[in-house]
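Chain residues, written in single-letter form:
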Protein chains: 2
Amino acid sequence: MHVGIVGASGAVGEELVSVLARRRFPVTRIDLFASERSAGKTVTTPWGERTVQAYSAAAAGACDVVFLAVSGSFAEAEAPTLARTALVIDNSSAFRYHADVPLVVPEINADTIGDAMLIANPNCTTAVLVVALDPIQRAFGLERVIVSSYQATSGAGQAGMEELIRETGRVLAGETAANDVFQHPIAFNLIPHIDVFQPNGYTKEEMKVAWESRKILRQDDLKISCTAVRVPTLRVHSEAVTIETKRPVTPDEVRALLASAPGVVVVDDPAARQYPMPKTATGRDDVEVGRIRRNDVFGDHGIDLFLCGDQLLKGAALNAVQIAEAALAQGRLPGTQRAA
Amino acid sequence: MHVGIVGASGAVGEELVSVLARRRFPVTRIDLFASERSAGKTVTTPWGERTVQAYSAAAAGACDVVFLAVSGSFAEAEAPTLARTALVIDNSSAFRYHADVPLVVPEINADTIGDAMLIANPNCTTAVLVVALDPIQRAFGLERVIVSSYQATSGAGQAGMEELIRETGRVLAGETAANDVFQHPIAFNLIPHIDVFQPNGYTKEEMKVAWESRKILRQDDLKISCTAVRVPTLRVHSEAVTIETKRPVTPDEVRALLASAPGVVVVDDPAARQYPMPKTATGRDDVEVGRIRRNDVFGDHGIDLFLCGDQLLKGAALNAVQIAEAALAQGRLPGTQRAA
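Cut-offs and rules
- Residues numbered from 1 in each chain as written.
- Chains lettered and ligands numbered in written order.
- Predicted model: local features only at pLDDT ≥ 70, side-chain atom pairs only at ≥ 80, totals over all residues.
- Helix = DSSP H or I, 4+ residues; strand = E, 2+ residues; numbered from the N terminus.
- Buried ≥ 20, exposed ≤ 12 C-beta atoms within 10 Å, placed from the backbone.
- Contact = placed C-beta atoms within 7 Å.
- Least-squares fit on C-alpha atoms with pLDDT ≥ 70 in both.
- Expected span 1.5 Å × (residues − 1).
- Arc of directions from axis to C-beta.
- Axes fitted to C-alpha atoms, helices over the stretch in contact; angles between N-to-C directions.
- Parallel < 35°, antiparallel > 145°, perpendicular 65-115°, else oblique.
- Left-handed = near helix turned anticlockwise from the far one by under 90°.
- Nonpolar A, V, L, I, M, F, W, Y, C, P; charged D, E, K, R; others polar.
- Pairing = 2+ DSSP bridges.
- Right-handed = clockwise from strand over helix to strand, strands pointing away.
- Domains from an automatic or database assignment.
- Core = buried A, V, L, I, M, F, W, Y, C linked by C-beta atoms within 7 Å.

Draft legend 1. The overall build of chain A, seen in detail. Counting its secondary structure elements, chain A contains 11 helices and 14 strands. In chain A, buried positions account for 56% of the 340 residues. Summarising the internal contacts of chain A: among those between residues at least 6 apart in sequence, 65% fall at separations of at least 24.

This is the structure:
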């Protein structure tokens, strides 16, 4: 299979190469694209040394499957053309809310891929949330979901992680922290501002969690809210989640349910100091879920949990590759015949 | 007034000296007490150089007012005796849930001080929360409150802050972070575990927020829950709060209400990137409250907000001194006559 990655020099782009290799995706040729500025760099891949090319629609469109790890505006401009000849999996938010574009987390709604040539990869905070919500929704129904996030600097890409490390070093050296990627200095600070503010007082990041969860879980009337906060960690998004189910539920039932659910791993042994943490969830495919307990605020319909998912994996590259795998399994990849 | 501070060499103890001075509390003499290990150290105070003394019940009991910034077990053993002769303001959790011990946030319930000789200072997460909740409760009633906390390392005292700084430096130097004060390495990590786990799956820290908010707000049936998470910041506790009121409410009403409430300052101008943050709330007496918005999860009874309060100030030393001020204003301080 001829695979293209656009935005190959970013944090998600690099992770895509690694995930494709690790999961033995049937790559016969890989083309790496980036902006003019990053072009020319040589990257060692499991399929040989590749030189990062300046993006061209013709070259990218010649691939069987193209992963877009670029801005929403770039995706908006390029994806429709690319999708005429290649299966396009877009990590940006540009098409996520289009009724005719599937928004896919394969554990949940791989069946919505259909014959789409353009598939949207969800927001990172949403992706790691819904793999935990879906089994609960199926078994007990969801009435209300209240999320507070603790989002890593990787959400702003490589530059975000570098800014955290650089500015933390400056603070430890007695200097004043500055900021470029983030709205304020992030070292030893929290910033309750991710993406742009909406007229309703929520940030777009917070609304993405609501909009995308409803679409992926196929429940338009789901009452769901989020407070999204940037925290000084590197690459795992954490979330404190309060759930009101439609039917009575117990923590033991949720624990048993999630223990056998795909994409999540239950880490919930407080006596042994085992619960989800960025430190343990980093580099892990499965989303860690723990601190599962009854929340009396919603009586016997209330469940609290805490989860940690690698923002660059399930929150981005891993889910994108899983979408390609699902499309492949459904015989949906253009060029499958050619590559086989 | 003859003032004693027990636990004077800790982070809260040091802050108590500074707050007493800054607020011009009528100190005529100050005695600083600590463990044998810390005794002998000389401290410069606005009332002259003082040598930290090894704690003795006789010397501490001779003060008019004694601030305890010590462990719960120490307070449990010593406070009842001290309270025979001195007004004792205890920062530990030892007596907070005793029906006959007032648990006081002066902006809210200074009237409960009465003739008590022992007054409990609340948990830090609770103190910074209730100053924002109280005006909303009075105007609109509280039905449900769901809190997710982002708690600074100062909650574990000076040693907690030192561990964050030391271990962060080690990570930046390419070494592996260790931990001594916290349950896991805190550098670039989050730990959803503060204080000990309870049989219901919540930590004691989380239950303190529920128990103490109900007592301070005098609403035994308040439905309130908390997820408490340690984050790699220094001295400000932040909280994402979702509120269901008893009567319909709008964000503008809450903003106006809090703008004139004591102990809080509204920082809520997203267009100007103004919202509560540890960076701006550090060293500030008032609790910053912002991100005030309608939460549709509870329809026109839903309000979300984000708040940041200095854990060592309103979360500890400031509130303790305010309790002493309130007792003084009520003519309740033993020795007021003597000192005047």
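Draft legend 2. Representation of the relation of the copies chain A and chain B within the structure. Of the transformation placing chain A onto chain B, the axial shift is 0.0 Å and the rotation is 180°, giving an RMSD of 0.0 Å. As the rotation angle and translation indicate, the two copies are arranged about a two-fold axis. Interface residue correspondence from chain A to chain B reaches 98%, placing this contact among same-surface, isologous pairings.

Draft legend 3. Local environment of helix α6 (residues 157–172) of chain B. Between its first and last C-alpha, α6(B) extends 23 Å over 16 residues, near the 22 Å set by a 1.5 Å rise per residue. Residues of α6(B) that are buried: G160(B), M161(B), E163(B), L164(B), E167(B) and T168(B). End-on, the buried residues of α6(B) take up no more than an arc of 155°, which puts them together on one face. Buried-residue contacts for α6(B) involve α6 (157–172) of chain A. Backbone geometry just downstream of α6(B) places G174(B) in the positive-phi region, at approximately 85°.

Draft legend 4. Spotlight on the packing of helix α5 (residues 124–140) of chain B against helix α8 (residues 251–259) of chain B. Residue and element names in this part refer to chain B. Direction vectors running N to C along α5 and α8 enclose 120°, while the axes themselves pass 10 Å from each other. Our classification of the angle between α5 and α8 gives oblique. You can see that α5 and α8 cross each other, and the crossing is right-handed. Contacts from A132, P135, I136 and A139 of α5 reach α8 at V254, L257 and L258. Within the contact of α5 with α8, the residues separate by chemical class into seven nonpolar, no polar and no charged.

Draft legend 5. Structural view of the pairing of strand β2 (residues 29–34) of chain B. Residues and elements named next belong to chain B. Counting buried residues in β2 gives five out of six residues, a clear majority hidden from the surface. Sheet topology note: the strand β1 (residues 2–6)/β2 ladder contains five bridges and is parallel. Along β2, the bridge assignment pairs H2 with R29. The β-α-β motif built from β1, the intervening helix α1 (residues 11–22) and the parallel element β2 has right-handed crossover chirality. Strand direction decides the pairing type here: β2 and strand β5 (residues 53–54), joined by two bridges, are parallel. Paired with F33 across the bridge in β5 is Q53.

Draft legend 6. Highlighting the sheet that holds strand β12 (residues 264–266) of chain B. All names here are of chain B. As summarised here, the arrangement of the six strands in space is β10-β9-β11-β14-β13-β12, forming an open sheet in which the pairing is mixed. The open sheet has two edge strands with one neighbour each: β10 (223–230) and β12. Each adjacent strand pair in this sheet contributes to an overall mean axis angle of 20°, direction not counted. Two elements, β12 and strand β13 (residues 287–294), share three bridges in a ladder whose sense is parallel.

Draft legend 7. Local environment of the domain arrangement of chain A. Residue and element names in this part refer to chain A. Each domain of chain A was delimited in the assignment, giving domain 1 (2–122 + 317–339) and domain 2 (126–310). Put simply, the middle of domain 1 and the middle of domain 2, counted by C-alpha atoms, are 25 Å apart. Contact residues are listed per partner, giving 13 residues for domain 1 and 16 residues for domain 2. Mapped onto the side of domain 1 that touches domain 2, the elements with two or more residues apiece are α4 (106–109) and α10 (313–329). Here the element with the most residues in the side of domain 1 that touches domain 2 is α4; it accounts for three residues. Along the lines of polarity and charge, the residues of the side of domain 1 that touches domain 2 split into seven nonpolar, four polar and two charged.

Draft legend 8. Highlighting the pairing of strand β4 (residues 48–51) of chain A. Residues and elements named next belong to chain A. Pairing geometry for strand β3 (residues 42–45) and β4, over four bridges, is antiparallel. Looking at β4, one finds that T44 is bridged to E49. Counting the residues between successive antiparallel strands, the hairpin from β3 to β4 contains two residues.

Draft legend 9. Structural context of the nonpolar core. Ranked by size, the top nonpolar core spans 225 residues in total, and within it L16(A) and L16(B) carry the most contacts. When neighbours within four sequence positions are excluded, L16(A) is seen to be in contact with I5(A), F67(A), A69(A), A317(A), A320(A) and V321(A).

Draft legend 10. Molecular detail of the interface of chain A and chain B. With 50 residues of chain A in contact, the opposing surface of chain B contributes 49 residues. For the side of chain A that touches chain B, the secondary structure elements donating two or more residues are β9 (142–151), α6, β10 (223–230), β11 (236–245), α9 (278–281), β13 (287–294) and β14 (302–310) of chain A. Top contributing element to the side of chain A that touches chain B by residue count: β10(A), with five residues. Residues that form the side of chain A that touches chain B fall into these classes: 26 nonpolar, 15 polar and nine charged.

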